[in-house]
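Here is what each chain is made of, one letter per residue.
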Amino acid sequence: MHDILIKNGTVFDPINNIDGEIIDIAISKGKIVDKVDESNAEVIDASNKIVLPGGVDIHSHIAGPKVNMGRLLRPEDHYRNLKPKTSVKRAGVGTSCPSTFTTGYEYSEMGYTTVFEPANPPLKMLHVIDEFNDTPMIDKACYPLFGSNWHVMEYLHDNKEDELAAYIAWTLRSVKGYACKLVNPGGVEQWKWGGDVEGLDVAVGNFGVTPREIVKGMCKAVQRLNLPHSIHIHANNLGMPGNYETSIETLDSMREYAKENTNGKPNPIAHLTHVQFNTYGGTNWMNITSGAEHLAKYINNNDHVSIDLGQVVFSDTTTMTADGPFEHKLQTLTGNRWVNADIEAETGCGIVPIKYKKSNYIHAIMWVTGLEAALMIDDPWKVCMTTDHPNGGYFTTYPRVVTWLMSQKAREKYMEKVNKRAKSRTALESLDREYSFSDVVISTRAGTARLLGLNDKGHLGVGADADVAVYNIDLNKIDPAIQYWKVRKALRRADYTIKDGEIVVKDGEVVKSVPGRSYWVDSKVSTDLAKSVESEIKEKFKDYYTIQMSNYIVAEKNIINSSPITVQAEV
Amino acid sequence: MEIFQDVVCPVCGCLCDDIEVSVENNKIVKARNACAMGTTKFLNYNNDRIPSPMIKNNGVQKPVSLEECIEKTAEILVKAKYPLIYGLSLSSVESVKVAIELTEEVGGVLDNQTSVCHGPGVQGIHDIGESTGSLGEIRHRADLIIAWGANLQEAHPRHMERYSYTSKGRYRNGKEDRNLIVIDVRETLTAKAADKFIQIEQGKDFEFINALRTALRLEQIQKDKVAGVPVEEIEKLAEVLRSCEFGVIFFGQGVTQVNGKGRNIDGLFSLTRDLNSWTKFLIMPARGHFNVAGVNQVATWQTGFPYAIDLSRGYPWYNPGETTIIDIIRRGESDATLVVGSDPIAHFPPAISKRMITTPLISIDPAHSMTTMVSDVVIPSSFAGIEYEGLAYRMDGLCLPLKKLVKEPDNTMSDEKVLKMILAKVRELKKVN
Amino acid sequence: MSRILAEIILKLKPNSPSQPIDLREISPDIFAGKTKNEIGATQIWIGNTKETLGSIFEIIGETAGTPEDQIIVIEGDLPNSRRIGNKMTNGKIIINGKGGLYIGSDMKGGQITVNGDAGEWVGIGMKGGSIEVDGNVGAYTGSSYRGARQGMKGGMIVIKGNSGCETGAWMTGGTLKIMGDSEILPGVHMSGGSILIAGGCPSMVGASMTGGKIVLLGKTGEILSGFHLEEIKGKAKIDGEKIPGPFYSFSGDIAEKGKGKIFIHKENNSHLVKYEEFLP
């Protein structure tokens, strides 16, 4: 592996307070270094181009049984995008549910270097890990689901906080998970009898805990375990008119666990995901509207929360989530195909294809809501740009979404054919805020890496992983707010993507395939507690599951480039 | 003596993982907890092994070195303009990955037993979707279990005690809390054990499902009988389905491989979806081979398609009826076949088998079969889950790790290793060309 | 002003390959404006190898300036071909021989005639134009790509012989005529359009249909439970043409809450007289 010197690029590195300066970036042995010997390095002339840390996606459904069912469901979606093999790339397919090789290549060709998969049952992590093994080019990790987990609900019911924390630590270590995910907490268990959550303070049947108790208990446990990423929550009531109230209530339940800011930046203890789907006003499908203003006000006044957008892009895509009851509702509303998979003792999932149309009032409201949230929340360190791929839109539309953040003109153009009633009932048209490049980098790299606790990613300081993207955007000639289409085009195909110090993409095309890493977290709890909880789990195992406990555990030998992050728990 | 715990049984789609295997002097002497099928495999797998790699010379199979077989196989595949690679339901996931890569490299079609088995179920998913779950959900919650065209007692002997009718779950205490209904054309052992057996006429599943769905909508059926069953009984059955707390349908070849095929399962998936308006209902295929589900899983994530994957043009393409092995051979389009761990010559329609042997045929298999007996090249391999480790998927899509229990015979190796050798040789030959 | 039509003939050379031949490049839209040499040099997939049209066809005749004026004649049997006439919008293709799979896939206009049998998926995803097959066809005529749930949308398909199963699956518009017999499940999941079957069909006519109509002149077995007898009609209309009956007019498929109509010839299906007691 030779050294690399990226010369004369316009660098954006918000973590290190670099905002569009012309700086050389030196790379050696997979890391950013202070300098290299130019005569002994590959020199990339980045004059009139921008240089960013590689993209870090905090929430994208790219691997696991649910995504695979989506692939299986939609051969017709694959036929739209057939990717032949090349001398470097394996064959693949896909638009909203791409095959694994194609997923890695397309992300890398967009300059992304880290993508985290946000929801899978612990029971299925062996499958997830194997899909990660076949997803090249990017570093990966997964957030196992805990929100309708029998152990979790029982520990919470019995007020066994320490045991709950130890159980989470055991699970993450055993199945190689990175963070804790809650999806419609309690609701997926209710769905197994055909129901759903009936209120934040209504106990989940048979377990005697409320969704609020699950949210609070899990948030606290995650903090005590010192996990690198906060609790990651898909709130109850997703998709329902008026649900912004549930979101705010959910977030407010955790306010007592707030942490101090550092260096003027917040340290959230909770992450509310794809807020767009959970931030509607109104009371029914006729008067549903954007509730973004209310959520934005709350988030602007509270530092304990971060969010990602889940922005809608008008397209033919696929909704897929652990929120089983929601997907059944969507099936009933749309008459579209429907996959449902309930997973014993833990969680479930649902999948429904959807075509978001500009002319449709509800879809238009959804589209507006996401952008309003992005534009009304002041601090970009709290706002991650996502489409909840593929729920809102496919990840290859990220450049388009970025132009909506950076350019009012771009929003106006796209909005031309959007449902008039939706436009008139919402504020988006009047919002003139435009994200700077720095804001965008925070939202797609620096901020996301920071929220995930990935200290060596999302920035270009010495010691950082050499995950870099060079884009063909000449800021002397292009004003992103005006020539937004040029920005979109450039962001779609990176001029160069560098992964761990190797050039893997040139001119928007993969030139070298690399496997990437799979991160997971090992939170060390006290030995006695760990032992006693493990024997409790063992005792319950035969009753809860249909497999042996030893076969539940994901062996490290099954993981390509297993990369554990060890932390010390406070319990 | 060595005792292995938590062994995953490599026979049927139940993938029971509580087998305790005792090994003495590299021989399996006991397989505790295994059913009759599992025990038979664990104790007898070593019979009828293919003793040596072979190449057919002047119509007679002659022992040769493994290297010669690999070379010959690679030559055949490189030369072919539309080669087929078929089988893999008894191979590990890792082996399947190499097979996919090989198919991509030689520009051929990868197909699998799904094509002649649960393929119609897959087609049902494409058009309707599927309301399903993991087997534990059934054990914990199901009070109504329907076995449709599936003889669980004989094809999946431990299914009832581990996952369904007689199993004990959090909310159900075995068969006293459950109802088992069998819908089949003959009174199977499962039917004999059931609370109710509904016998339907052969090949009339679609008509029966249609009648059931009509009755479910409380609409009149303008007939006396459907599929030989009186309409009153169908209406009663609809009521039973609607009024259960948690129902599940397990379906098998009895309904996937009869008149109607893909649309039978389309009908069952639609029925299950409709039932979710009134109650909780799931449906699951009772997969046969222990890793057929695994082939579908890895093929889907790597290529987007679950079986019948045509990689001849460099990108994955899929359409059962076009890219399925039987249809390709029927049209006489293939010019070489590599079979891995399967016996298509014995099981395919005779006209297809006859055609199959008119083009070069390579077989990778541990034991003799009709296919190996007529193959031009035979490569003996080892048994997954006994002689080599790897991953496999249960019928409900759960991934489990297979163990290596004994050392394989000297001149054999895993499908994974054999396919890797072939792939390497193919690449070598292509460079020369 | 008269148009100048140009006819180009592709004669299949002897010993043609048995592997799949991808002929999506054979379309008036693609040929118009090209020279014969360019057409001969057009790359096509034969199995896993890239060859040229000229390697398997002898090419004689003329190309036209516009697709509208282009006639393509194919001489020879091509049962292993795929997608002749793919996405065409105009012009004419005549196949004197067996037609292969996916004839006229995603066609928007123009005309295809097959003087011989054709395989499966004739007119898959068709939006307009016409296809006529003077022979038998395989399954899925005028149907949908898997998962798309959208079959034939417009245009006309006429099969002079018999068709395989699932004729017109997921049909949403257009007209499909089978002059011979159809195998099971014609019109499955149909929501619009019309199917005429002049011959018989063993069973499952109109399975899962939600709209559209099927007219069956020959004999069928049992009608699905999801269909209720509404009336006896003297005539049935297909593509503006009135076909004399009388017909049993059933409505269904109730299993899908469907409001499609199937017209079954009364005299040829005397076993269906038992339904008459249900006439409203």
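Values in this document were obtained by computation on a predicted structure and should not be read as measured data.

Would you mind going over the overall build of chain B in detail, with residue names and values included?
Helix and strand content of chain B: 18 helices and 22 strands. Computed over C-alpha atoms, the radius of gyration of chain B comes to 23 Å, within 12% of the 22 Å expected from 2.2 N^0.38 for 433 residues, which places it in the range of a compact globule. With the C-alpha coordinates of chain B rotated into their principal frame, the extents come out at 70 × 55 × 35 Å. With 433 residues in all, chain B has 66% of them scored as buried. In chain B, of all internal contacts separated by at least 6 residues, the share reaching a separation of at least 24 is 68%.

An account of the overall build of chain C is needed here, citing residue identities and associated values.
When you go through chain C residue by residue, the secondary structure sums to three helices and 17 strands. For chain C, the C-alpha radius of gyration of 20 Å lies close to 19 Å, the compact-globule estimate for 280 residues. Projected onto its principal axes, the C-alpha positions of chain C cover 70 × 45 × 30 Å. For chain C, the share of sequence-separated contacts (at least 6 apart) that also reach a separation of at least 24 residues comes to 40%.

Can you lay out the interface of chain A and chain B for me, pointing to particular residues and giving the numbers?
On the chain B side, the residues contacting the 44 residues of chain A number 47 residues. At the level of secondary structure, the elements contributing two or more residues to the side of chain A that touches chain B comprise α1 (65-73), α2 (75-79), β7 (82-83), β8 (92-93), α3 (100-109), α4 (125-133), β18 (338-343) and α19 (549-552) of chain A. With six residues, the single largest contributor to the side of chain A that touches chain B is β18 of chain A. Taken together, the five bridges between β18 of chain A and strand β8 (residues 129-133) of chain B define a ladder with parallel strand orientation. Across the sheet, residue Ala341 of chain A finds its bridge partner in β8 of chain B, namely Thr132 of chain B.

I'd like a description of helix α13 (residues 292-303) of chain B, backed by residues and values.
All names here are of chain B. With 12 residues, α13 should reach 16 Å at 1.5 Å per residue; the first-to-last C-alpha distance of 16 Å fits that figure. The element α13 is largely enclosed, with a buried count of 12 among its 12 residues. Within α13 the residues assigned to the buried category are Val292, Ala293, Gly294, Val295, Asn296, Gln297, Val298, Ala299, Thr300, Trp301, Gln302 and Thr303.

How would you sum up helix α5 (residues 150-157) of chain A? Please name residues and give values.
Residues and elements named next belong to chain A. Of all the residues in α5, the buried ones are His151, Val152, Met153, Tyr155 and Leu156. Against α6 (161-175), α8 (211-224) and α18 (527-544) lie the buried residues of α5. Two residues or fewer past α5, Asn159 is found with a positive phi of approximately 55°.

So what's going on with the domain arrangement of chain B? Residues and values would help.
All names here are of chain B. We note that the domain assignment places domain 1 (2-43), domain 2 (51-117 + 290-401 + 410-432) and domain 3 (119-285) within chain B. Across the boundary between the two partners, domain 2 contributes nine residues, which contact nine residues of domain 3. Across the side of domain 2 that touches domain 3, the residue classes tally to six nonpolar, two polar and one charged.

I'd like a rundown of the interface of chain A and chain C, residues and numbers included.
Tallying the contact residues gives five residues for chain A and four residues for chain C. Residues that form the side of chain A that touches chain C fall into these classes: three nonpolar, no polar and two charged.

Tell me about the sheet that holds strand β16 (residues 305-308) of chain A, residues and numbers included.
Residue and element names in this part refer to chain A. Strand order in the open sheet made by the five strands is β11-β12-β13-β16-β20, with parallel pairing throughout. Each edge of the open sheet is held by one strand with a lone partner, namely β11 (181-183) and β20 (383-384). The sheet contact formed by β11 and strand β12 (residues 231-234) spans three bridges and is parallel. Paired with Lys181 across the bridge in β12 is His232. Helix-sheet contacts for α8 involve β11, β12 and β13 (270-272), and the interaxial angle to β12 is about 155°.

Tell me about the pairing of strand β1 (residues 6-12) of chain C, and name the residues and values.
Residues and elements named next belong to chain C. Across six bridges, β1 lies against strand β6 (residues 70-75) in parallel orientation. Pairing of Ile8 across the sheet is with Ile72, part of β6. In this structure, β1 lies alongside strand β5 (residues 57-61), joined through five bridges in antiparallel fashion. In the sheet register, Ile9 faces β5, and the bridge partner there is Ile60.

So what's going on with the environment of Pro480 of chain A? Which residues, and what values?
Residue and element names in this part refer to chain A. Position of Pro480 among the secondary structure elements: in the loop between β21 (468-471) and α17 (484-492). Its 24 C-beta neighbours within 10 Å are what place Pro480 among the buried residues. Put simply, Pro480 and Leu405 are 75 residues apart on the chain and 10.0 Å apart in space, counted from C-alpha to C-alpha. For Pro480, the residues in contact, after removing those within four places along its chain, are Met406, Ser407, Phe437 and Val487.

Give a description of the sheet that holds strand β16 (residues 309-310) of chain B that names residues and reports values.
All names here are of chain B. Sheet architecture is open: nine strands sit in the order β5-β4-β20-β19-β18-β6-β7-β16-β17, paired in mixed fashion. Each edge of the open sheet is held by one strand with a lone partner, namely β5 (60-63) and β17 (317-318). Pairing of strand β7 (residues 109-111) with β16 involves two bridges; the strand directions are antiparallel. Directly across from Leu110, in β16, lies its bridge partner Ile309.

Any details on the pairing of strand β3 (residues 27-32) of chain B? Residues and values, ideally.
Residues and elements named next belong to chain B. As judged from the five bridges shared by strand β2 (residues 19-24) and β3, these two strands associate in the antiparallel manner. Considered in β3, the bridge of Ser22 is made with Lys30. Between the end of β2 and the start of β3, which pair antiparallel, lie two residues, with Asn25 showing a positive phi angle near 50°.

Please set out the packing of helix α3 (residues 93-106) of chain B against helix α18 (residues 415-432) of chain B residue by residue, giving values where relevant.
Axes are the key here: two packed helices are described by the angle between their axes and the distance separating the axes. Residue and element names in this part refer to chain B. Their axes nearest at 8 Å, the elements α3 and α18 cross at an angle of 20°. Comparing their axes, α18 and α3 come out roughly parallel. Relative to α18, the crossing made by α3 is left-handed. Along the contact surface, α3 presents Glu94, Ser95, Val98, Ala99, Glu101, Leu102, Glu105 and Val106, while α18 presents Asp415, Glu416, Leu419, Lys420, Ile422, Leu423, Val426 and Arg427. For the contact of α3 with α18, the residue count by class is eight nonpolar, one polar and seven charged.

Give me the environment of Thr49 of chain C: which residues, what numbers.
Residue and element names in this part refer to chain C. Along the chain, Thr49 turns up in strand β4 (residues 49-52). Judged by local crowding, Thr49 falls into the partly exposed class, with 15 C-beta atoms found within 10 Å. A sequence separation of 196 residues divides Thr49 from Gly245, and the C-alpha atoms of the two residues are 53 Å apart.

Provide a residue-level description of the packing of α6 of chain A against α18 of chain A, including the pertinent values.
All names here are of chain A. Relative orientation of the contacting elements α6 and α18 amounts to 80°, with a least axis distance of 9 Å. For the element pair α6 / α18, the angle class is roughly perpendicular. Contact residues: α6 offers Asp162, Glu163, Ala166, Tyr167 and Trp170, while α18 offers Leu529, Ala530, Val533, Glu534 and Ile537. Residue composition of the contact of α6 with α18, grouped by class: seven nonpolar, no polar and three charged.

Thresholds, definitions, all that
Residues numbered from 1 in each chain as written. Chains lettered and ligands numbered in written order. Predicted model: local features only at pLDDT ≥ 70, side-chain atom pairs only at ≥ 80, totals over all residues. Helix = DSSP H or I, 4+ residues; strand = E, 2+ residues; numbered from the N terminus. Rg over C-alpha atoms; globule rule 2.2 N^0.38 Å. Buried ≥ 20, exposed ≤ 12 C-beta atoms within 10 Å, placed from the backbone. Contact = placed C-beta atoms within 7 Å. Pairing = 2+ DSSP bridges. Expected span 1.5 Å × (residues − 1). Domains from an automatic or database assignment. Nonpolar A, V, L, I, M, F, W, Y, C, P; charged D, E, K, R; others polar. Axes fitted to C-alpha atoms, helices over the stretch in contact; angles between N-to-C directions. Parallel < 35°, antiparallel > 145°, perpendicular 65-115°, else oblique. Left-handed = near helix turned anticlockwise from the far one by under 90°.

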